[in-house]
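Now for the letters of each chain:
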Amino acid sequence: METTTTTIKGIAFDVLVTETTHRDARGVLFYLAVIAIRSRKTGVEREVRRSRLPGAGKELARDVQRMGVRALDKLAA
């Protein structure tokens, strides 16, 4: 089982993307992406989205690189 954590830093909050993948010789058996927002001031983490679609975490990271903080507006609301 392989777990990858990506932190996207913002001014007021950080977005944590944790992707867990389990593979075998034939392909992907299990995939889970958990997206959480961590407040910089208090350090409290809040889970905002879960996805079992492969590549969902990488898609969010690409959107943030392309659109900047605007991609995270709907997550923080």
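Our structure is the block above this text.
Residues numbered from 1 in each chain as written. Predicted model: local features only at pLDDT ≥ 70, side-chain atom pairs only at ≥ 80, totals over all residues. Heavy atoms only, no water.

Undergrad: Before we move on, can you summarise the pattern of salt bridges with the specific residues and values?
TA: For the structure shown, the criterion picks out three salt bridges. Note that Arg-38 is salt-bridged to Asp-14, the shortest N-O span being 3.4 Å. Placement of Arg-38 in strand S3 (residues 28-39) and of Asp-14 in strand S2 (residues 13-23) is noted, with a sequence separation of 24 residues between them. Overall, Arg-38 belongs to the partly exposed group, its relative accessible area being 26%. The salt bridge involving Arg-40 is made with Asp-14; its shortest N-O contact spans 3.0 Å. Note that Arg-40 is positioned in the loop between S3 and strand S4 (45-51) and Asp-14 in strand S2, a separation of 26 residues in sequence. By relative accessible area, Asp-14 is classed as buried at 6%. What emerges from the salt-bridge pattern is a single network uniting Asp-14, Arg-38 and Arg-40. (Salt bridge = Lys/Arg side-chain N within 4 Å of Asp/Glu carboxyl O. Helix = DSSP H or I, 4+ residues; strand = E, 2+ residues; numbered from the N terminus. Buried < 20%, exposed > 50% of the residue type's maximum accessible area, 1.4 Å probe, protein only.)

Undergrad: Can you lay out the nonpolar core for me, pointing to particular residues and giving the numbers?
TA: Residues Ile-8, Val-15, Val-17, Ile-35, Ile-37, Leu-60 and Val-64 constitute the largest nonpolar core, which totals seven residues. Those elements giving two or more residues to this core turn out to be S2, S3 and helix H1 (56-67). (Core = buried A, V, L, I, M, F, W, Y, C linked by side-chain atoms within 4.5 Å.)

Undergrad: Break down the sheet that holds S2 for me, citing the residues and quoting the values.
TA: Read from one edge of the open sheet, four strands run S1-S2-S3-S4, paired in antiparallel fashion. The open sheet has two edge strands, strand S1 (2-9) and S4, and neither has a second partner. Neighbour to neighbour, the strand axes of the sheet diverge by 20° on average, direction disregarded. Strand direction decides the pairing type here: S2 and S3, joined by 11 bridges, are antiparallel. (Pairing = 2+ DSSP bridges. Axes fitted to C-alpha atoms, helices over the stretch in contact; angles between N-to-C directions.)

Undergrad: So what's going on with the side chain of Thr-21? Which residues, and what values?
TA: With respect to the element layout, Thr-21 can be found in strand S2. With a relative accessible area of 13%, Thr-21 lands in the buried category. Ignoring sequence-local partners within four residues, the contact set of Thr-21 consists of Met-1, Glu-2, Val-28, Phe-30 and Tyr-31. (Contact = heavy atoms within 4.5 Å.)

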